[in-house]
Amino acid sequence: MHSRKSEIFVDLKAYRENIRHFTDILYPTKVLPVIKANAFGHGAVEIAKAAEEEFVDFFAVAYLEEGIELRDAGISAKILMLNYCSPEYFQKAADYSLTATLHSFDQIESINQRKGKLPKFHMKINTGMNRLGFNPDEASDAFRMAEESEMHITGIYSHLATADEEDPSFFNQQYERFENLVAGLQKQGFDTGIVHLCNSAASIRFPGRCFDYSRIGISSFGVQPSHFFKDPRLRQVLTFKSCISQVRCLEPGDSLSYGRTFFAEENMKVAVVPVGYADGFDRRLSNKGSVLIGGIPCRVIGRVCMDHFIADISKVDPTPKEGDEVVLIGNQGKESISVEQVAEWRETTNSEITSCISYRVPRKYSRDAY
Ligand SMILES: *Cc1c(COP(=O)(O)O)cnc(C)c1O
């Protein structure tokens, strides 16, 4: 249903072009699309189906439930769960042919204490992020203990802390730690399986240093991974649109919305838009940033509410009316608002912008022939 004419439009053709682009620049490294958090807000099932058409054979999600959603939708490629899965659910992961992440000795211990089917595992190594993972000096013990517990390790990976930053020195440190560790394990006779390290930023910047697979998240959606280096061939996949729910006129001295944080200094026209922070239009955009109406950027004024915000349309000619299109992210006429631009207004990452557009906003998909 479409009662408030607010929707996300997902350009699957653009997504497939981005996947093809990464497939080309990374070859012989393969693309492992990261489609956690509902594919960064784009819709995991539709995105996975589009990626499979580009011959992707491996996906990553964060959690078990996300993997099950993909399997239930008929996705047959391998799926790695990057994040925590309570050991009592390993059997379920195995039932759905999902690959789990092995990151601690406690996991091995709890596996030893219960019988039941086990999924395949990729071993996660901590090379400096200090989030999940075995430290490099623990890895061979972990491998040995996992083998003794009849666990099947089919891959090994680590995660980068600074790949988007200008200074590559910590990337280099992590890269070297990881490369040396993997070589050392192989020398000891362990089968490390599939090796992967790089995210979007590292894959664009260092395409020759990506091992077997690259875990591409944000940039598969056509969004730049860094302020410092950009790939101009990426195409933004997402458009966020709504419409005007009411037009009104303000006189000098009139205030607007909760808390009266905005006062009109002259006669002005404003448009109410039926999108608010419960949709993922963050309250920190109050009196900040713009949307496109009538082909021009219009300032967001006053506090963003749960289900509404208000924009200044004084300069739009002719005056827009109820039902007219409002573009929050994407193109309108000659103007465009990128995900990167909204992230700058909100002082956060590009990934937070797309992944926090809530489930209340319907997603629509283009399935243009390609
Ligand atoms: C989210 C995530 C990625 C994807 O990172 P991008 O910067 O979005 O490409 C890769 N690896 C891990 C472990 C992640 O959690």
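In short, a report on the structure.

Cut-offs applied
- Residues numbered from 1 in each chain as written.
- Predicted model: local features only at pLDDT ≥ 70, side-chain atom pairs only at ≥ 80, totals over all residues.
- Heavy atoms only, no water.
- Helix = DSSP H or I, 4+ residues; strand = E, 2+ residues; numbered from the N terminus.
- Buried < 20%, exposed > 50% of the residue type's maximum accessible area, 1.4 Å probe, protein only.
- Contact = heavy atoms within 4.5 Å.
- Areas by Shrake-Rupley, 256 points an atom, 1.4 Å probe, with all protein chains shown as cover.
- Lys, Arg positive; Asp, Glu negative; His and termini not counted.
- Charge placed at Lys NZ, Arg CZ, Asp CG, Glu CD.
- Arc of directions from axis to C-beta.
- Expected span 1.5 Å × (residues − 1).
- Polar contact = N/O pair within 3.5 Å; in protein donor to acceptor, adjacent residues only side chain to side chain.
- Axes fitted to C-alpha atoms, helices over the stretch in contact; angles between N-to-C directions.
- Parallel < 35°, antiparallel > 145°, perpendicular 65-115°, else oblique.
- Left-handed = near helix turned anticlockwise from the far one by under 90°.
- Nonpolar A, V, L, I, M, F, W, Y, C, P; charged D, E, K, R; others polar.

**Points about the overall build of the protein chain**
When helices and strands are tallied, the protein chain shows 11 helices and 20 strands. Seen through its C-alpha atoms, the protein chain measures out along the principal axes to roughly 75 × 45 × 40 Å. The proportion of buried residues among the 370 residues of the protein chain is 54%. Across the protein chain, contacts joining residues at least 24 apart in sequence account for 66% of those joining residues at least 6 apart. Summing over all exposed atoms, the protein chain offers an accessible surface of approximately 17,300 Å²; the carbon and sulfur share of this is 47%. The protein chain carries 43 positive and 50 negative side-chain charges, and their two centres are separated by 3 Å.

**What about helix α6 (residues 105–113)?**
Note on helix geometry: an α-helix contains 3.6 residues per turn, so any two residues three or four positions apart are oriented the same way. All of the buried residues in α6 are Gln107, Ile108, Ser110 and Ile111. Taken around the axis of α6, the buried residues stretch over an arc of 165°, which confines them to a single face. Turned more than 90 degrees from where α6 packs its buried face, Asp106 and Gln113 sit exposed. Tucked inside the fold, the buried residues of α6 contact α5 (90–95), β5 (98–102), β6 (120–125) and α7 (139–148).

**Remarks on helix α1 (residues 12–26)**
Spanning 15 residues, α1 covers 21 Å between terminal C-alpha atoms, matching the ideal 21 Å at 1.5 Å per step. Where α1 is buried, its residues touch β1 (7–11), β2 (30–33), α3 (44–53), α9 (200–205), β9 (213–216) and β20 (363–366). For α1, the side-chain oxygen to backbone nitrogen distance between the N-cap and Lys13 is 3.1 Å, and the N-cap itself is Asp11.

**Observations regarding the packing of α1 against α3**
For the pair α1 and α3, the least separation of the axes is 9 Å and the interaxial angle reads 50°. Classified by the angle their axes make, α1 and α3 are oblique. Here the hand of the crossing between α1 and α3 comes out right-handed. On α3, the residues that touch Leu12, Tyr15 and Arg16 of α1 are Glu46, Ile47, Ala50, Ala51 and Glu53. In the contact of α1 with α3, the residues fall into five nonpolar, no polar and three charged.

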